[in-house]
Amino acid sequence: MLAPKPYQPNRSLFAKIERRLTQYRKAAPATVSTDRPILSITFDDCPTSAAETGARILEEYGVRGGYYIATGLMGRDSHMGLVTTPDQVAELNAAGHEICAHSHSHLDCAQARHDEVMEDVEHNIELLKDICKTYSVDSFAFPYGETRFDVKKHLAGDFLTLRGILPGINRGVVDRAQLRAFEIDHTQHSFDRAYAALDCLHHTPGWMIIFTHDVSETPSEHGMTPGQLRQILDRARELDIDICTPKVAAERVGFKVK
Ligand SMILES: [Zn+2]
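Definitions and limits used
- Residues numbered from 1 in each chain as written.
- Predicted model: local features only at pLDDT ≥ 70, side-chain atom pairs only at ≥ 80, totals over all residues.
- Heavy atoms only, no water.
- Helix = DSSP H or I, 4+ residues; strand = E, 2+ residues; numbered from the N terminus.
- Rg over C-alpha atoms; globule rule 2.2 N^0.38 Å.
- Buried < 20%, exposed > 50% of the residue type's maximum accessible area, 1.4 Å probe, protein only.
- Contact = heavy atoms within 4.5 Å.
- Lys, Arg positive; Asp, Glu negative; His and termini not counted.
- Charge placed at Lys NZ, Arg CZ, Asp CG, Glu CD.
- 1 Å grid on protein atoms, 1.4 Å probe; cavity = no way out; pocket = protein on both sides within 12 Å on 5 of 7 lines; lining within 4 Å.
- Points joined across faces, edges and corners; volume = space filled by probe spheres on them.
- Phe/Tyr/Trp six-rings, centres within 6.5 Å; stacked < 30°, edge-to-face > 60°.
- Lys NZ or Arg CZ within 6 Å of the ring centre and 35° of its normal.
- Disulfide = S-S within 2.5 Å.

Undergrad: Quick question: what am I supposed to make of the overall build of the protein chain here?
TA: From N to C terminus, the protein chain includes eight helices and 10 strands. On C-alpha atoms alone, the protein chain measures out to a radius of gyration of 17 Å, which is about the 18 Å that the 2.2 N^0.38 rule sets for 258 residues. Structurally, the protein chain occupies a C-alpha span of about 45 × 40 × 40 Å along its principal axes. Here the protein chain holds 258 residues, and 57% of them are scored as buried. The long-range share in the protein chain, meaning contacts at least 24 apart out of those at least 6 apart in sequence, stands at 74%. Each charge class in the protein chain was averaged separately, 29 positive and 36 negative side chains, and the resulting centres sit 7 Å apart.

The structure is reproduced here in structure tokens:
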């Protein structure tokens, strides 16, 4: 969600109201249809520790994650550590993880002009296709979780799912263009909230998404520890929750690009 150079989205009252209206105005209504609890574990911006430690832990449990890559940040230093290189992104893809779009320049999609967003995202998609030698990139997360209705509407035609940052389990009729997700950052509260939500998911099936950034014993304020990631995976296993990538989850719950 966050850029290596700290950037604060607009915090004015007007922006807050806009943000709320955007969240509730569905650009691509879709029904989550599943009798199984489904969890996706995802990493934004992909600092090296997410690609190495994070991926290794997921693979130990026999599952795969989603990595949202802002291609313009690849190989650069950040406050979350070094960001993965194109070669490392290709390795993640080869190991079965899903490589997802996150814009090229990690731009604020609520503030940028419509054509500027589309151009930037198109560039992101083309680079990811080239790196992964693939024909399609199916999932997108809005940098900073910021978006607008016109942007959601347009991108819903390009991607199977678009992920926001408002917490919640996706159940019933949702906006495929702004799915809910639980962030786990350095705060105990964020971990506890996501951990508790696993029980709710177990009792009432739906699709739950978790996102974080780095995975380290000394995480940045936007990351989590390897121990916390293992706790989530252990609990999901105890509760018989299926873990799959965003694309696989979206297909399982019946989403389609109209
Ligand atoms: Zn980001």
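And the narrative resumes.
Undergrad: Any chance you could explain the layout of surface pockets here in plain terms?
TA: Where empty space is left can be seen by rolling a probe of water-molecule size over the atoms. In this structure, the largest pocket spans a volume of roughly 560 Å³. Empty space within the second largest pocket amounts to approximately 210 Å³. Around the second largest pocket sit 14 residues that line it, and Glu98, Ile99, Ser136, Asp138 and Lys247 are the ones nearest its centre. For the lining of the second largest pocket, the secondary-structure elements that each account for two or more residues are strand E4 (98-101), helix H4 (114-132) and helix H8 (246-252). The biggest single contributor to the lining of the second largest pocket is H8, with three residues.

Undergrad: Would you mind going over the packing of aromatic side chains with me for this structure?
TA: How two aromatic rings sit relative to each other is given by the distance of their centres and the angle of their planes. Summed over the entire model, instances satisfying the criterion amount to six aromatic pairs. An angle of 80° between the planes, with centres 5.3 Å apart, marks the rings of Phe140 and Phe142 as edge-to-face. Residue Phe140 is classed as buried on the basis of its relative accessible area of 0%. Grouped by ring-pair contacts, the aromatic residues Phe140, Phe142 and Phe159 constitute a single cluster. The aromatic ring of Phe149 is capped on one face by Arg25, whose charged end is 3.6 Å from the ring centroid. A cation over a ring is seen here: Arg163 above Tyr68, with NZ or CZ 4.9 Å from the ring centre.

Undergrad: Would you mind going over the state of the cysteines with me for this structure?
TA: Put plainly, a disulfide is one covalent bond tying together the sulfur atoms of two cysteines. Counted under the stated rule, the structure contains zero disulfides. You can see Cys100 has no disulfide; the closest cysteine sulfur is in Cys132, sitting 9.6 Å from it.

Function-wise, these values are silent; they only describe arrangement.
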